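Residue-level listing of the chains:
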Amino acid sequence: MNPYCLLSSTRNSTSLESFLRRNPQIYLPRPESSSLIAHGANIFKREDNLNPQLARSVSDPILRLTTISKFTYSLAASALSSSFSEADDGEEEEESQAIINKSSTDKSDIDLQGGMAQAFHISSNTASAISICIAFAALALPFFMKSLGPPGLALKTKLLSYATLLFGFYMAWNIGANDVANAMGTSVGSGALTLRQAVLTAAVLEFSGAALMGTHVTSTMQKGILKATVFQGKETLLFAGLLSSLAAAGTWLQVASYYGWPVSTTHCIVGSMVGFGLAYGGANAVFWSSLAKVASSWVISPLMGGAMSFLVYKCIRRFVYSAPNPGQAAAAAAPIAVFVGVTAISFAAFPLSQSFPMALVQALACGTAGAVVVYQVIKKQLGHLLLKSSSSPVEQKEEPLQNKKIGLLSDIAGPRGTQLEIVYGVFGYMQILSACFMSFAHGGNDVSNAIGPLAAALSILQGGATASEIVIPIDVLVWGGFGIVAGLMMWGYRVIATIGKKITELTPTRGFAAEFAAASVVLGASKLGLPISATHTLVGAVMGVGFARGLNSVRSETVKEIVTSWAVTIPVGAAFAVLYTSILTKFLSYVL
């Protein structure tokens, strides 16, 4: 009899984790898989100094996962497959993965308490040195920027320009600390990328997106919330309001990032502008219809994201998991999905030509190139596993799937062994690809939340411009990109942990479903003019994947905290903006 038969099914009265907890004398043997031994590492490690009080808590794991490569999740899940070979409830392999992810989740929570050093597994001296270098660069670089002011500009005005650039950097820093989790959180949670890999990748792509794709024209009154005509002839007040909005939004983002709450940077800026407009322009200064659209996105965004991710994940289980050879099915579907996704995104989000036929041809070319690249990567990295899966018989379920009537919502058993490695490997690569695109697009789109008010404030200060549109210099775009990267490196891991680990357990298939669904909803809604929030959409998508596995798979406490932070974002931003504007107007009355 298989020595693991007592643990082979979730239907047994004692689960793997609780059984080992109640029997501390039993140790899980080291897997004898040659692929694991080749790495020279132990996958499972007994906690030697487990707190007795923590040991009594069901939520605290007694196993710890030691990451040995970026595909450890596949190998570890394969090693556990024999333990769950007799289960037939449709989630056996993914639940074995959830046990591994839960251990790494709690480990990440401990790392968050240790700060940047433990989060990235570097020494505290190295972490301090990185922070000091970033702070020094933030204080020194503005002196070399053309936007500081033309030669001959009064010293007082240059000092105010310097302070304005610092306000913009503070806002961009907090965007990086909070909003970048939209792109990389699910990849880290599923194990497709390590936290260090995710941060370094996002840093390059966020900066590139901000510098290359960032908008060069912005409205003085951000997001169409305030009426510019109300503040004509009140340049000093408008300048103070723009700076206060940056400071107010940055303050709330920093509070939210500290607690790991993913909030919308756009809503932060909107709340700040509304507070400033109401306090100093009256009720007529606010476009209330625009504000109503923003508020409606609190409901529309998570619902659309959740519904789409639910369907995507169920489609994966229906058309990939139920295939005679799930690994081959995943490898065949990946290039097709990439072709469709890249073509649609290239045509809708970043059209390369103004001519419709030419833009369509170029989008198709981009999609074809992406599909070829993904096909070659899968063939090179997973070719040996695909060959092995095609030459060996696939494990049969208790009843052949061909004899069952399978629907989209049917409970389908997951793949095992080599098949699971291939499926997770394929979707891991696809998730990394989608995360890279989302990170690049985020840098190009959301950097305007910081540099829009910044450029408008600089224009008012240096030239007295009050036009409805302000041209953004390239050095300001780069400055905003640097701020996003700095915030991501120093505090980004906090919200990444919430998105990737604390809402629900993620695997590569679940993570890809959430990310793909969120990107599709944001792109489609933006083109249709629907009010949407990328942050709220992604959180809803992660929840949708969790609900696809059962209501108990989503952590309600985390969801309550996130929803509460969404609800208070606009009023809190407004309150901070009023406070800061009152302080700045008094200060400027003495300076100007």
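Residues numbered from 1 in each chain as written. Predicted model: local features only at pLDDT ≥ 70, side-chain atom pairs only at ≥ 80, totals over all residues. Heavy atoms only, no water.

What about the overall build of the chain?
Right, on to step 1. Scanning the chain from N- to C-terminus turns up 21 helices and 4 strands.
Right, on to step 2. Of the roughly 25,600 Å² of accessible surface on the chain, 64% is carried by carbon and sulfur atoms. (Helix = DSSP H or I, 4+ residues; strand = E, 2+ residues; numbered from the N terminus. Areas by Shrake-Rupley, 256 points an atom, 1.4 Å probe, with all protein chains shown as cover.)

Thoughts on the packing of helix α9 (residues 181-190) against helix α20 (residues 534-549)
Between two packed helices, what matters for the description is the angle formed by their axes and the separation of those axes.
Right, on to step 1. The interhelical angle for the contact between α9 and α20, taken along N-to-C directions, is 20°, at an axis separation of 10 Å. Relative to α20, α9 is oriented roughly parallel. In this structure, α9 meets α20 at a crossing whose hand is right-handed. Of the residues in α20, those touching α9 at Ala181, Asn182 and Thr186 are Ala534, Thr535, Leu538 and Val542.
Right, on to step 2. Of the residues that constitute the contact of α9 with α20, the class distribution is 4 nonpolar, 3 polar and no charged. (Axes fitted to C-alpha atoms, helices over the stretch in contact; angles between N-to-C directions. Parallel < 35°, antiparallel > 145°, perpendicular 65-115°, else oblique. Left-handed = near helix turned anticlockwise from the far one by under 90°. Contact = heavy atoms within 4.5 Å. Nonpolar A, V, L, I, M, F, W, Y, C, P; charged D, E, K, R; others polar.)

A few points about the packing of aromatic side chains
Right, on to step 1. On inspection of all chains with the given rule, the structure shows 15 aromatic pairs.
Right, on to step 2. Between the aromatic rings of Phe231 and Phe276, the centroid separation amounts to 5.1 Å while the plane-to-plane angle is 15°, which identifies the pairing as stacked. Here Phe231, found in the loop between β3 (217-219) and α11 (235-258), pairs with Phe276, found in helix α12 (residues 265-281); they are 45 residues apart in sequence, far enough to count as distant.
Right, on to step 3. Residue class for Phe231 comes out buried when judged on its relative accessible area of 2%.
Right, on to step 4. We classify Phe276 as buried; its relative accessible area is 0%.
Right, on to step 5. Three or more aromatic residues link up through ring pairs in this structure, and these residues are Trp173, Trp252, Tyr258, Tyr259, Trp261 and Trp491.
Right, on to step 6. If you follow Lys227 out to its NZ or CZ, it ends over the ring of Phe287, 5.4 Å from the centre.
Right, on to step 7. Positioned above the aromatic ring of Trp491 is the side chain of Arg494, whose terminal nitrogen or guanidinium carbon lies 4.8 Å from the ring centre. (Phe/Tyr/Trp six-rings, centres within 6.5 Å; stacked < 30°, edge-to-face > 60°. Buried < 20%, exposed > 50% of the residue type's maximum accessible area, 1.4 Å probe, protein only. Lys NZ or Arg CZ within 6 Å of the ring centre and 35° of its normal.)

Some points on the packing of α11 against helix α17 (residues 448-463)
Right, on to step 1. Between α11 and α17, whose axes approach to 9 Å, the crossing angle comes to 155°. One way to sum up the angle between α11 and α17 is to call them roughly antiparallel. In this structure, α11 meets α17 at a crossing whose hand is left-handed. Between α11, through Glu235, Leu238, Phe239, Leu242, Leu243 and Leu246, and α17, the contact on the second element is made entirely by Asn449, Ala450, Pro453, Leu454, Ala456, Ala457, Ile460 and Leu461.
Right, on to step 2. Residues of the contact of α11 with α17, tallied by class, amount to 12 nonpolar, 1 polar and 1 charged.

Considering helix α18 (residues 474-502)
Right, on to step 1. Where α18 bends most, the angle comes to about 70°, and this point is Trp491.
Right, on to step 2. Extensive coverage of α18 is indicated by the burial of 24 of its 29 residues. (Bend = angle between axes of the 7 residues up to and from the residue.)

A few points about unusual backbone geometry
Right, on to step 1. The phi angle at His121 is positive, at roughly 55°, despite the residue not being glycine.
Right, on to step 2. Mapped onto the elements of the fold, His121 is located in the loop between α6 (116-119) and α7 (124-140).
Right, on to step 3. Classification of His121 as exposed rests on a relative accessible area of 59%.

Looking at α9
Right, on to step 1. For α9, the tally of buried residues reaches 10 of 10 residues, placing the bulk of the element in the interior.
Right, on to step 2. Every buried residue belonging to α9 is among Ala181, Asn182, Ala183, Met184, Gly185, Thr186, Ser187, Val188, Gly189 and Ser190, and all of these are buried.
Right, on to step 3. Following α9 by one or two positions, Gly191 has its phi on the positive side, about 95°.

A closer look at a nonpolar patch on the surface
Right, on to step 1. A surface patch of nonpolar side chains, about 370 Å² in accessible area, is lined by Leu141, Phe143 and Phe144.
Right, on to step 2. Here Phe143 is to be found in the loop between α7 and α8 (155-178).
Right, on to step 3. Taking relative accessible area as the criterion, Phe143 reaches 52% and is therefore assigned exposed. (Patch = residues over 30% accessible without salt bridge, like charges linked within 9 Å, V, L, I, M, F, W, Y side chains within 5 Å. Salt bridge = Lys/Arg side-chain N within 4 Å of Asp/Glu carboxyl O.)

Re the environment of Ala240
Right, on to step 1. Inspection of the secondary structure assignment puts Ala240 in helix α11.
Right, on to step 2. Classification of Ala240 as buried rests on a relative accessible area of 0%.
Right, on to step 3. Each C-alpha atom, one on Ala240 and one on Tyr580, is 8.5 Å from the other, the two residues being 340 residues apart in sequence.
Right, on to step 4. Those residues in contact with Ala240 that sit more than four places away from it in its chain are Thr581, Leu584, Thr585 and Leu588.

Things to note about the environment of Ala279
Right, on to step 1. Locating Ala279 in the fold gives a position in helix α12.
Right, on to step 2. For Ala279, a relative accessible area of 42% translates into the label partly exposed.

Observations concerning the confidence of the model for the chain
Right, on to step 1. On average, residues of the chain score 75 in pLDDT, and 72% of them reach the 70 mark or higher.
Right, on to step 2. Contacts for the low-pLDDT stretch residues 1-15, under 50 throughout, to residues beyond four places or in other chains number 25 contacts.
Right, on to step 3. Confidence drops under a pLDDT of 50 for residues 22-113, and excluding neighbours within four residues, the segment shows 167 contacts in the predicted structure. (pLDDT = per-residue confidence, 0-100.)

With respect to the side chain of Asn174
Right, on to step 1. In this fold, Asn174 is placed in helix α8.
Right, on to step 2. Of note is the side chain of Asn174, whose polar atom sits 3.3 Å from the backbone nitrogen of Gln254.
Right, on to step 3. Filtering out sequence-adjacent residues up to four positions away, Asn174 remains in contact with Asp179, Gly250, Leu253, Gln254 and Ser257. (Polar contact = N/O pair within 3.5 Å; in protein donor to acceptor, adjacent residues only side chain to side chain.)

Some thoughts on the side chain of Ser187
Right, on to step 1. Within the element layout of this structure, Ser187 appears in helix α9.
Right, on to step 2. Residue Ser187 is classed as buried on the basis of its relative accessible area, which comes to 0%.
Right, on to step 3. If near-sequence neighbours (up to four positions away) are discounted, Ser187 is found in contact with Ala192, Leu193, Gln431, Ala435 and Glu515.

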